[in-house]
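So you can see what is in the structure, the chains are spelled out below.
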Amino acid sequence: MTLLLFLEQLFNGVQFGVTLFLIAAGLTLILGIMDFVFLAHGSQVMIGAYLAASLTILTGNFFLGILLAIPLTFASGYVLEYLLIRHLYRRDHMDQVLATFGLILFFNELIRIGFGPAALFSDLPPLLSGFVYILPDTPYPMFRVIVIVVGLACALGIHFLVAHTKMGAMVRAGANNESMTAALGINIRILRRMLFAMGACFAGLAGMMLGPLSAVEPGMGEPLLILSLVVIIIGGIGSVRGAFVAALLVGVVDTMGRVMLPIVLRTFMGQASADGAGPALASMMVYILMALVLVVRPTGLFPPKG
Amino acid sequence: MKKYLTLAVAATIAATPALADTVKVGYMTTLSGGAGIIGKQMQNAVNLAMEHTGGKLGGKDAEVVFADDQRKPDVAKQLANRLVKSDKVDVVAGVIWSNLMMAIHKPVTRSGTLLISSNAGPSPIAGSGCHKNFFSMSWQNDQTPEGMGKHLQDSGVKEVYILAPNYQAGKDMMAGFKRHYKGNIVGEVYTKLGQSDFQAELSTLRAAKPAATFIFQPGGMGINFIKQWKQAGMDSVSKLYTVFAVDGVSLPGLKEAAVGVVSTQTWSPDLDNAMNKRFVADYKAKFGGYPSFYAAQAYDTMMAIDHAVREAGSADTEAMRKVLAKGGIPTTRGSLAMNTNQFPIQNIYLREVVMDSDGVATTKVIGTVFENHSDAYASECKF
Amino acid sequence: MQGLKILVEGMLGNRTQFLLLIGFALFPIYTSIADLPFWNDIAMRIMLLGMAAMGLNLVLGYGGMVSFGHAAFVGIGAYCVGISQYYGLFNGWVHVLMALGTCGVLGLIIGFLALRTSGIYFIMITLAFAQMLFFLFVSLEQFGGDDGMSIDRAEFLPIDLWEPLRLYYLIWTSLTLVSVLLMFIVASRFGVVLQAIKDNESRVEAMGLAPLPFKITGYLISAMICGLAGALFASWQEYVSPDIMHWTRSGELMIIIILGGLGTLAGPLIGAVAFLLLEEILPELLYAIAPNYAENWMIIFGPILIAIVLFARGGLMGLLHRLSRVRP
């Protein structure tokens with residue numbers, strides 16, 4: 001493995017991590033601040049992807065599709081919170097698990113009925129299909145670079161919102177002492193609704209970025225959900241900064257694990273064994289990482305105070 | 001008459017008196033859940049076949065009971081028990097997945113009921129675990145990649161980089177490929193099952209610069225891989241050869257992106273025989289879009305049952321068995337011959353993805369790699 | 001005499017569970033009269049699922065430990081049978097002992113390692129262990145990998161499992177024994193402490209009891225129950241594969257327990273009945289109303305689960321208790 005390839009894979013890991021961050025950010029806020037086990041977060045990814053893909057087909061313009069899909073995804077999260085989620089905050093975590101599991105089934109079938117079980121066609125506009133030379137002799141799909149840029153921009157945006165705005169202060173205050181903030185006259189209900197909708201929005205944005213790269217199909221969000229849970233645990237539940245660091249860490253470890261492990265194993269195992277053990281171990285890498293982090297820091301890398 | 005059941009409320013089944021001479025087929029496939037699109041195509045094909053035969057099989061009244069296995073082995077087992085013991089079907093047919101086939105193979109064949117596979121073909125039941133009541137109307141898992149291996153070997157391709165998901169079928173595919181390809185395998189990568197992002201693997205591929213790349217990535221994985229392959233401009237680095245990645249299920253999701261991708265398969269929509277032409281034309285007209293090989297095999301399964309009942313004069317298991325074992329079954333692949341382990345002996349074609357005159361992506365046969373190919377496990381099978 | 005009195009009192013106190021068990025015992029009579037023998041299969045599947053769920057309920061419902069890994073124990077129990085048969089060992093009693101032993105040891109190890117954490121961290125660690133076991137069995141090509149192995153019904157001499165209904169009553173007996181066992185455990189000092197730990201762990205510590213040994217013991221017993229369910233399941237299915245231990249199956253067990261009623265004796269079994277019955281009936285219902293959408297039955301199933309959470313607190317058992325209290 002050359003240095004250039006190594007760096008390129010690092011880049012791949014960062015791109016994957018940034019996508020994970022978009023999903024994990026909303027989840028860590030919902031789980032950490034509202035203490036709500038929202039299993040259907042993967043469905044938000046799917047809803048965003050479908051909205052963008054179908055609006056792109058409808059309008060014939062990729063950018064327009066995404067532009068219209070973002071507020072619609074926000075709205076879907078807002079409506080969901082209003083109709084259902086707010087009734088479940090006081091409930092036991094296990095009840096939330098059951099309810100949001102039912103939600104996953106519902107959304108998957110809704111999409112399946114609405115769009116059919118086959119993958120929806122989603123592709124890049126010619127404008128974004130080019131290459132960028134991130135390193136000498138390394139052409140990299142331009143769209144993936146854009147995904148990284150978008151992800152980083154969102155990260156900065158969320159950080160700004162949480163750390164430097166009144167709303168962010170309210171969110172952090174709400175996290176620490178609910179009755180006090182309510183007593184201060186801050187409408188906790190609207191706050192929660194906005195927070196939830198924003199989480200949905202970012203997850204949906206991740207879906208919109210993923211759509212042109214992979215398949216837009218029912219259930220596309222579930223595999224990412226598990227990984228996002230790992231991310232927020234490593235990062236510390238409720239911490240956006242933790243989610244960011246952890247997402248990059250997980251993205252890089254997963255990517256590098258996948259490509260390097262078979263090579264490393266082959267040096268002291270036979271080819272056949274390495275090819276057999278490599279992928280299995282690579283799948284476990286992220287869990288091993290999580291276990292290691294928890295041993296050293298049982299509440300994650302950046303647990304929020306209080 | 002067709003009915004749909006998972007495990008029906010008893011009254012529905014018990015109340016309908018089956019005519020004594022009715023041929024009953026229990027068709028098991030995955031209709032709900034993630035892979036429902038495949039099951040849907042198979043169901044469409046079975047319904048189309050019944051239309052073509054006028055609702056009869058072998059000239060007798062016929063009844064098809066669809067069973068949704070939800071891709072779960074325990075549900076499949078339950079359904080198989082029900083179809084055999086309660087509905088007393090004459091044939092259990094269908095089954096997409098190898099693991100489900102492994103779960104129901106023994107119970108069904110041992111009960112004296114014919115089991116005809118429309119897709120699954122794991123090696124144990126082609127070899128030492130074979131049973132005389134089982135017939136395959138599809139292929140043995142290794143055959144299709146064997147075709148690609150031979151093609152690359154014959155074409156003088158010196159080096160290949162191979163890639164498949166890390167599960168039994170993936171390993172079988174690669175083993176089948178290596179049976180005939182004797183050149184240099186410069187890379188053998190097993191990806192995660194269900195993986196959606198292959199950028200990391202593509203980066204490593206590009207650094208290796210192999211002349212040819214052979215992949216097995218079924219379903220959504222295939223769509224993802226080929227999309228990303230094109231987006232990364234890999235066509236200028238290596239030539240892509242595939243199995244089970246471009247077909248009637250994945251092409252609607254890929255469209256132009258798949259043009260030029262080469263694959264091997266035992267069937268293609270453009271195969272030139274009367275039955276196939278009628279099947280493809282009617283399928284397109286009725287369901288909008290080309291049928292996949294899953295659909296073709298499902299259609300062939302019903303046609304095989306039709307043929308067997310007609311030649312045997314009854315739906316008796318042993319009689320039908322004798323007819324099918326002789327081969328010469330009319331299918332969308334022409335007249336199909338049967339091997340001693342009751343898997344087909346058939347051609348393996350080389351196909352390329354092209355856009356047809358309506359601007360729809362489909363595969364076109366560009367050559368025949370194997371004629372009358374047998375699977376590698378037939379010799380191990382002794383009834 | 002005293003023991004018998006306690007037993008009868010316990011059964012009366014847990015009427016629902018034992019009524020269900022009696023129902024299952026009598027069910028084959030109905031199916032033979034109505035000529036619906038395949039429903040015995042569904043009943044067996046329900047009983048097995050219920051047994052595994054009862055195992056998980058001990059730690060989840062009574063102990064408050066959210067383990068995402070219990071499907072792995074079911075799978076290991078099944079593979080004890082599968083791998084034994086691969087090497088020519090068909091004795092079902094030995095299989096059961098192996099399943100109990102292996103799951104006991106593994107439950108001890110995993111419990112010991114995982115129970116140092118709590119909350120969501122415990123969930124993820126148990127998930128991680130389950131995933132690793134899943135990947136392990138997928139990679140064992142000798143035993144079929146993910147294609148699995150076709151096996152035979154085990155030999156439980158002197159019972160001949162190939163005789164009709166023998167397997168049914170073997171499963172039923174095991175389920176009843178597990179029910180009685182759990183009933184005693186929950187009512188015992190051990191069970192009381194376990195539930196106290198779930199409510200307030202620091203208070204238990206303040207009373208001078210170390211919570212960890214109780215939790216580990218509970219975990220190991222629940223693992224063994226799941227292993228037993230797995231071993232019997234292998235004989236029923238006549239097939240083993242890593243599918244049984246996929247984390248989604250653990251999720252399914254959890255859904256069943258929550259649906260039926262967490263921390264109740266009858267919750268898991270009633271949840272299993274409801275879950276599998278819905279799986280049977282909903283597609284039929286949809287087929288009758290809108291045939292083209294029969295395979296989309298989960299669009300009704302999902303909201304039913306949501307409705308149960310919203311309107312039936314404590315699951316189906318909670319609903320039953322409320323209904324039984326509303327007497328004229």
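As the structure is a computational prediction, the values presented were derived from the model and not from experiment.

Caption draft 1: Structural view of the overall build of chain A. Within chain A, the secondary structure is distributed over eleven helices and two strands. Listed N to C, the secondary structure of chain A is α-α-α-α-β-β-α-α-α-α-α-α-α in terms of helices and strands. Over its C-alpha atoms chain A spans a radius of gyration of 20 Å, differing by no more than 12% from the 19 Å that the globule rule assigns to 306 residues. In terms of principal-axis extent, the alpha carbons of chain A reach across some 65 × 50 × 35 Å. Out of the 306 residues in chain A, the part that is buried amounts to 54%. For chain A, contacts bridging at least 24 residues in sequence account for 76% of all contacts bridging at least 6.

Caption draft 2: Focus on the interface of chain B and chain C. Taken together, the contact between chain B and chain C spans 30 residues of the former and 28 residues of the latter. Broken down by secondary-structure element, the contributors of at least two residues to the side of chain B that touches chain C are strand S1 (2-5), helix H3 (73-86) and helix H4 (98-110) of chain B. Here the side of chain B that touches chain C gets eight residues from one element, more than from any other, and that element is H3 of chain B. The class makeup of the residues in the side of chain B that touches chain C is 13 nonpolar, eleven polar and six charged.

Caption draft 3: Structural context of the packing of helix H5 (residues 92-114) of chain C against helix H10 (residues 211-237) of chain C. All names here are of chain C. Across the interface, H5 lies against H10 with an axial gap of 7 Å and an inter-helix angle of 145 degrees. Between H5 and H10 lies a crossing of right-handed hand. Here the residues of the contact of H5 with H10 are counted per class, giving 15 nonpolar, nine polar and no charged.

Caption draft 4: Fine view of the environment of Asp 68 of chain B. Residue and element names in this part refer to chain B. Mapped onto the elements of the fold, Asp 68 is located in strand S4 (residues 60-68). Using a count of 26 C-beta atoms within 10 Å as the deciding quantity, one classes Asp 68 as buried. As a C-alpha pair, Asp 68 and Val 95 span 27 residues in sequence and 9.8 Å in three-dimensional space.

Caption draft 5: Region of interest: the confidence of the model for chain B. Residues and elements named next belong to chain B. For chain B, the mean per-residue pLDDT works out to 89, and 95% of the residues sit at or above 70. Across residues 1-18, confidence stays below pLDDT 50; counting only partners more than four residues off in sequence or on other chains, it has 30 contacts. Quick note on the complex model: pTM equals 0.89, ipTM equals 0.87.

The rules we used
Residues numbered from 1 in each chain as written. Chains lettered and ligands numbered in written order. Predicted model: local features only at pLDDT ≥ 70, side-chain atom pairs only at ≥ 80, totals over all residues. Helix = DSSP H or I, 4+ residues; strand = E, 2+ residues; numbered from the N terminus. Rg over C-alpha atoms; globule rule 2.2 N^0.38 Å. Buried ≥ 20, exposed ≤ 12 C-beta atoms within 10 Å, placed from the backbone. Contact = placed C-beta atoms within 7 Å. Nonpolar A, V, L, I, M, F, W, Y, C, P; charged D, E, K, R; others polar. Axes fitted to C-alpha atoms, helices over the stretch in contact; angles between N-to-C directions. Left-handed = near helix turned anticlockwise from the far one by under 90°. pLDDT = per-residue confidence, 0-100.

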